[in-house]
Amino acid sequence: MTSVATLPARDDAARRPIPRRYLMCRPEHFEVTYAINPWMNTADPVDRALALAQWDGLRAAYEAHGHRVEVIEPVAGLPDMVFAANGGLVIGDRALSARFANSERAQEGPAYHDWMAAQGFADVLAARETNEGEGDFAIAGERILAGTGFRSARGAHEEVAEFFGMPVVSLDLVDPRFYHLDTALMVLDDTIAYYPAAFSGPSARLLASLYPDAVIATDADAEVLGLNGVSDGYHVFLTDKATALAGQLRERGYEPVGIELSELLKAGGSVKCCTLELHQVRTAVGSGKD
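Criteria and cut-off values
- Residues numbered from 1 in each chain as written.
- Predicted model: local features only at pLDDT ≥ 70, side-chain atom pairs only at ≥ 80, totals over all residues.
- Heavy atoms only, no water.
- Pairing = 2+ DSSP bridges.
- Helix = DSSP H or I, 4+ residues; strand = E, 2+ residues; numbered from the N terminus.
- Right-handed = clockwise from strand over helix to strand, strands pointing away.
- Buried < 20%, exposed > 50% of the residue type's maximum accessible area, 1.4 Å probe, protein only.
- Contact = heavy atoms within 4.5 Å.
- Core = buried A, V, L, I, M, F, W, Y, C linked by side-chain atoms within 4.5 Å.
- Disulfide = S-S within 2.5 Å.
- Axes fitted to C-alpha atoms, helices over the stretch in contact; angles between N-to-C directions.
- Phe/Tyr/Trp six-rings, centres within 6.5 Å; stacked < 30°, edge-to-face > 60°.
- Lys NZ or Arg CZ within 6 Å of the ring centre and 35° of its normal.

*Asks:* Before we go on, may I ask you to explain the pairing of strand 2 (residues 68-72) in this structure?
*Replies:* Bridge analysis of strand 1 (residues 21-25) against strand 2 gives 5 bridges, and the strand direction is parallel. Its bridge partner being in strand 2, Leu-23 is matched across the sheet by Glu-70. Note on the crossover from strand 1 through helix 1 (residues 48-64) to strand 2: the handedness is right-handed.

*Asks:* I would appreciate a short explanation of unusual backbone geometry in the present structure.
*Replies:* Within the chain, Leu-225 stands out as a residue other than glycine whose phi angle is a positive 60 degrees. In this fold, Leu-225 is placed in the loop between helix 5 (219-222) and strand 12 (230-231).

*Asks:* What exactly am I supposed to notice about helix 3 (residues 154-164) here?
*Replies:* Residue pairs spaced three or four apart in an α-helix point in one direction, given the helix's 3.6 residues per turn. The complete set of buried residues in helix 3 reads Ala-156, His-157, Glu-159, Val-160, Ala-161, Phe-163 and Phe-164. As for helix 3, its buried residues are in contact with strand 3 (88-91), strand 4 (94-97), strand 5 (123-126), strand 6 (137-140), strand 7 (143-148) and strand 8 (168-172). The first or second residue beyond helix 3 is Gly-165, which carries a positive phi of 65 degrees.

*Asks:* Would you mind showing me how to read the nonpolar core here?
*Replies:* One broad rule of soluble globular proteins: the nonpolar side chains tend to lie buried together. The biggest cluster of nonpolar side chains holds 37 residues, and the ones touching the most others in it are Leu-145, Leu-185, Ile-192, Phe-199 and Leu-245. Put simply, the parts of the chain that give this core at least two residues each are strand 6, strand 8, strand 9 (185-187), strand 10 (192-194), helix 4 (201-210), strand 13 (235-239) and helix 6 (243-251). Non-local contacts of Leu-185, meaning those with residues more than four positions away in its chain, are made with Ala-138, Leu-145, Leu-171, Ile-192, Ala-193, Tyr-194, Phe-199, Leu-207 and Leu-227.

*Asks:* Got a minute to help me understand the environment of Phe-100 in this structure?
*Replies:* Structurally, the position occupied by Phe-100 is in the loop between strand 4 and helix 2 (108-117). Exposure remark for Phe-100: the relative accessible area of 9% places this residue in the buried category. The spacing of Phe-100 and Asp-232 is 132 residues in sequence and 27 Å in space, taken between C-alpha atoms. In this structure, Phe-100 is in contact with Asn-86, Gly-87, Arg-105, Ala-106, Glu-108, Gly-109, Thr-130 and Glu-132, ignoring residues within four places of it in sequence.

*Asks:* Could you clarify how one ought to interpret the state of the cysteines in this entry?
*Replies:* Tallying each qualifying case throughout the model produces 0 disulfides. Cysteine Cys-25 shares no disulfide, and the gap to the nearest cysteine sulfur, in Cys-274, comes to 9.4 Å. Lacking any disulfide linkage, Cys-274 is separated from the closest cysteine sulfur, that of Cys-273, by 6.8 Å.

*Asks:* Looking at this structure, how should I read the sheet that holds strand 6?
*Replies:* Either a parallel or an antiparallel arrangement is found when strands of a sheet pair, and the pairing is made through backbone hydrogen bonds. In spatial order, the strands read 6-7-8; together these 3 strands make up an open sheet with mixed pairing. Here the strands that pair on one side only, and so sit at the sheet edges, are strand 6 and strand 8. Along the sheet, successive strands turn relative to each other by an average axial angle of 25 degrees, direction set aside. In terms of strand pairing, strand 6 meets strand 7 through 4 bridges, oriented antiparallel. Residue pairing in the sheet places Ala-138 in a bridge with Leu-145 of strand 7.

*Asks:* What's the story with the packing of aromatic side chains in this structure? I'm lost.
*Replies:* Any aromatic ring pair is given by two values, namely how distant the centres are and how the planes are angled relative to each other. Evaluated as defined, the whole model comprises 6 aromatic pairs. Seen in terms of ring centroids, Phe-30 and Phe-83 are 6.3 Å apart; in terms of plane orientation they differ by 85 degrees. Their pairing is edge-to-face. Of this pair, Phe-30 sits in the loop between strand 1 and helix 1 while Phe-83 sits in the loop between strand 2 and strand 3, and the two are 53 residues apart along the sequence. Of the two residues examined, Phe-30 and Phe-83, each falls in the buried class. Between the aromatic rings of Tyr-62 and Phe-237, the centroid separation amounts to 4.9 Å while the plane-to-plane angle is 70 degrees, which identifies the pairing as edge-to-face. Here the residue Tyr-62 occupies a position in helix 1, and Phe-237 occupies one in strand 13, the gap between them amounting to 175 residues. Summarising the burial analysis for this pair, Tyr-62 and Phe-237 share the class buried. Lying across the ring of Phe-163, Arg-94 places its NZ or CZ 4.1 Å from the centre.

Following this line, the structure appears as structure tokens:
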């Protein structure tokens, strides 16, 4: 959508964690009673007690590494509300709440909007276009990478660019298993990790030109949602099943933190899906600030 230059790489030795602020939602009502993506199988029972324990483990990992976790109250009847990343987009003192593509999740948008409105942000807007928050919008320094093809509308890219005053790079998703951008691409610090096969040819080529030093995920790691992770600039929280990806990250100077979220994977979500980052300030990738 917007032409932007490739950002320079930085020295791996300079990596350091930056404290972040995250919003999460405990899976107290989590279940799989409908199927809106290829991961969901209503015949596969969910162990909610295990889902809660695994979610608690992710929250504890964030807090143990110095991050602040806010928790929104879960709403009965909204089993996917645990996937907080989809609830909206927050950058600085501006917040845009989601507008979901599927009727089963429609009421999550107002629930997250109410939480945002209560936080004292200077400007809180409910999306007009279909927009599934950080599921399809990834803050990468002074640009936003944005996915479309399955959930968020291309018109949402223009709405986000206007509201936040940032350039938005539009990317087409083509594989229904990777229905959100955050299932196929993860922002690291000075670069990204992604799975080229999840994108159209032009979008994959665009990413290759913007991030020539990107980490390329294997088929096996993409298929366990290994790219659905969260980086604080040094630690990378991701499924413990993505072993090759963890090795690549370690070679780049990152410290992988393996997380077990097998129950939530039954609904097509992993670490990032459970995590909405409340971005504090807007700065260039690799600047050492969030």
